[in-house]
Amino acid sequence: MKKREWNLIRTGLLNPVWELQERAMPAEPGAGMLRIEVQASGINFADALMMQGLYGDAPKTPFVPGYEVVGRVVSLGLGCPDHLLGLNAMAFCPFGGFSSVVDLPANQVVPAPTNLRPEQVCALVTPYVTAWYLSEVLCSIQPGDRVLVHSAAGAVGRALVETALRAGGEVWFCSRSEEKLRVLGAEFPGHHGLLNSPGNPWWKQVPGDVRFDRIFDPLAGRHLAEGIRRLRAGGIILAYGAAVRSGRQSKLRDARMLFQSGFYNPIGLLLKSRSIATLNMLHVGRERPELLIKGLSIMADRAERGLIRPPLAKAVRLEEFETTMQSFARGEGQGKLAIVWWVVS
């Protein structure tokens, strides 16, 4: 069996090099492994940052990016239960997901919901599981809690907005794009939308007496410092996406971000009953994969029962891939993207 995969050969801000390569697969997956013929591979913003050389946890080039796959189990290795053969499955993979065929441990695969298209299912794997971990493992959202979600037009941000509303929170959401903010406002009417522009950042728009119980922040820098000042007693700011802010080409930016984020004495936070929690899902997946599987299973169940509904994702054809990655890196477009390897009617 052969597979096709998108290899990142050279990183760069302006001239990254991708190659669509074909490779032979072993005759059978290894013991305890299963083989998935991939229908859709999810694209995340981290992948765009890998392309630019700005993702500190990325392997050395050449390598195959991609965290999410959805597809059909076509082969079983020794020791795998027979009932998994033919399963429509979804899985998180630490790199290597931009491939038409993957071999993964059988205990890290979850049945995919039957009521979503493969591209939508990709959103469950990283964005919704990340939102679950942030809002249900690291903290909880109580009815009436005031919640601020940064970068709400992104896949994780939108999932956080949906999660906070389902929990009964009062939601404020931010975006740097007027068009994206308009789309969010139409999808989630009656809530507070803030255009987070450099000349008029969110903290200048929120009334001085407004304090938040939960702030979800992938931006860091001044946003983190202002967020901590705007927490109520018992409030938590949840910072995530830190891995995408380190890399060989971004040391000056990282130093500026660190300075703007501020330096905090734990005793000072304790006296005001404010907290900071952080998340890097790649490291959680490496060290505690059982938590990812738990989150995947919960998201699949909620989707199957109609409790969550990821928006329709853009299906990216192979001939569109390179231009799509460039526009995605520039912040263009909205919602989830997924490479489609073969079409399901």
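Scroll up to find the structure this text is about.
Throughout what follows, the structure given in this document is the object of discussion. (Residues numbered from 1 in each chain as written. Predicted model: local features only at pLDDT ≥ 70, side-chain atom pairs only at ≥ 80, totals over all residues. Heavy atoms only, no water.)

Take the overall build of the protein chain next. Looking only at helices and strands, one finds 11 helices and 15 strands in the protein chain. Computed over C-alpha atoms, the radius of gyration of the protein chain comes to 20 Å, within 12% of the 20 Å expected from 2.2 N^0.38 for 345 residues, which places it in the range of a compact globule. Considered along the principal axes of its C-alpha atoms, the protein chain spans approximately 65 × 45 × 40 Å. A separation threshold of at least 6 residues defines the contact pool for the protein chain, and within that pool the share at least 24 residues apart is 70%. Accessible surface, the protein chain: about 15,700 Å² in total, of which carbon and sulfur atoms supply 55%. The average position of the 39 basic charges and that of the 31 acidic charges among the side chains of the protein chain differ by 6 Å. (Helix = DSSP H or I, 4+ residues; strand = E, 2+ residues; numbered from the N terminus. Rg over C-alpha atoms; globule rule 2.2 N^0.38 Å. Contact = heavy atoms within 4.5 Å. Areas by Shrake-Rupley, 256 points an atom, 1.4 Å probe, with all protein chains shown as cover. Lys, Arg positive; Asp, Glu negative; His and termini not counted. Charge placed at Lys NZ, Arg CZ, Asp CG, Glu CD.)

By size, the foremost hydrophobic cluster in this structure holds 91 residues, and its most contacted members are Ile36, Ile43, Met90, Phe216 and Phe321. Ranked by the residues each element gives to this core, the list is headed by helix 2 (residues 118-137), at 11 residues. Apart from the residues lying within four places of it in its own chain, the contact partners of Ile36 are Gly71, Arg72, Val73, Ala89, Ser100, Val101, Val102, Leu104 and Val109. Of all hydrophobic cores here, the second largest spans 15 residues; its members include Leu148, Trp172, Leu194 and Leu224. (Core = buried A, V, L, I, M, F, W, Y, C linked by side-chain atoms within 4.5 Å. Buried < 20%, exposed > 50% of the residue type's maximum accessible area, 1.4 Å probe, protein only.)

Moving on, we get to the state of the cysteines. Considering all chains together, one arrives at zero disulfides under this definition. Cys139 supplies the cysteine sulfur nearest to Cys174, a cysteine that is in no disulfide, at a spacing of 17 Å. (Disulfide = S-S within 2.5 Å.)

Further remarks concern the side chain of Glu5. One can find Glu5 in strand 1 (residues 2-10). In this structure the side chain of Glu5 is engaged in a polar contact, spanning 3.3 Å, whose partner is the side chain of Asn7. Residues within four places of Glu5 in sequence aside, it is in contact with Glu19, Leu20, Gln21, Arg23, Val64, Phe98, Ser99 and Trp341. (Polar contact = N/O pair within 3.5 Å; in protein donor to acceptor, adjacent residues only side chain to side chain.)

Applying the stated criterion to the full structure yields 20 salt bridges. One salt bridge in this structure joins Arg23 and Glu5, with 2.4 Å as the shortest N-O distance. Highlighted residues: Arg23 in strand 2 (residues 17-24) and Glu5 in strand 1, separated in sequence by 18 residues. Arg23 gets classed as partly exposed once you look at its relative accessible area, which sits at 37%. Put simply, Glu136 and Arg166 hold a salt bridge, and the shortest N to O gap is 3.7 Å. (Salt bridge = Lys/Arg side-chain N within 4 Å of Asp/Glu carboxyl O.)

This part is about helix 11 (residues 321-329). Of the residues making up helix 11, those classed as buried are Phe321, Thr324, Met325, Ser327, Phe328 and Ala329. Those residues of helix 11 that are buried are in contact with strand 1, strand 2, strand 3 (33-43), helix 1 (45-51), strand 14 (314-316) and strand 15 (337-340).

Turning our attention to unusual backbone geometry. The omega torsion of the bond from Thr61 to Pro62 falls at -5°, within 30 degrees of zero and hence cis. The backbone phi angle of Ser273 is positive, close to 55°, even though this residue is not glycine. Relative to the helices and strands, Ser273 is located in the loop between helix 8 (266-272) and strand 13 (275-279).

Moving on to the packing of aromatic side chains. Enumeration according to the criterion identifies 11 aromatic pairs in this entry. Centre to centre, the rings of Trp132 and Tyr133 are 6.1 Å apart; their planes meet at 75°, and the pair counts as edge-to-face. Residue classification places Trp132 among the buried residues on the basis of a relative accessible area of 4%. Ring centres of Trp172 and Phe212 lie 5.7 Å apart, and the angle between their planes is 90°; on these two criteria the pair is classed as edge-to-face. Here Trp172 is found in strand 9 (residues 170-175), whereas its partner Phe212 is found in strand 11 (residues 212-217), with 40 residues between them in sequence. This pair shows no difference in class: Trp172 is buried, exactly as Phe212 is. Put simply, the rings of Trp6, Trp18, Phe98 and Phe321 touch in pairs and so form one group of aromatic residues. (Phe/Tyr/Trp six-rings, centres within 6.5 Å; stacked < 30°, edge-to-face > 60°.)

Moving on to the sheet that holds strand 12 (residues 231-240). The strand order 10-9-8-11-12-13 describes an open sheet built from six strands, whose pairing is parallel. For this open sheet the edge positions go to strand 10 (192-195) and strand 13, each flanked by a neighbour on one side alone. The sheet shows a mean angle of 15° between the axes of neighbouring strands, taken without regard to direction. Pairing between strand 9 and strand 10: four bridges, direction parallel. Each bridged residue has a counterpart across the sheet, and for Cys174 the counterpart in strand 10 is Leu194. Each of strand 9 and strand 10 is contacted by helix 4 (residues 178-187), which is oriented at about 155° to strand 9, the strand it contacts most. (Pairing = 2+ DSSP bridges. Axes fitted to C-alpha atoms, helices over the stretch in contact; angles between N-to-C directions.)

Look at helix 2 against helix 3 (residues 155-166): their axes get within 8 Å of each other, and the N-to-C directions meet at 50°. As far as their axial angle goes, helix 3 and helix 2 are oblique. When the axes of helix 2 and helix 3 are compared, the crossing they make is right-handed. Facing helix 2, whose interface residues are Pro127, Tyr128, Thr130, Ala131, Leu134, Ser135 and Glu136, helix 3 presents Ala155, Val156, Arg158, Ala159, Leu160, Glu162, Thr163 and Arg166. Residue composition of the contact of helix 2 with helix 3, grouped by class: eight nonpolar, three polar and four charged. (Parallel < 35°, antiparallel > 145°, perpendicular 65-115°, else oblique. Left-handed = near helix turned anticlockwise from the far one by under 90°. Nonpolar A, V, L, I, M, F, W, Y, C, P; charged D, E, K, R; others polar.)

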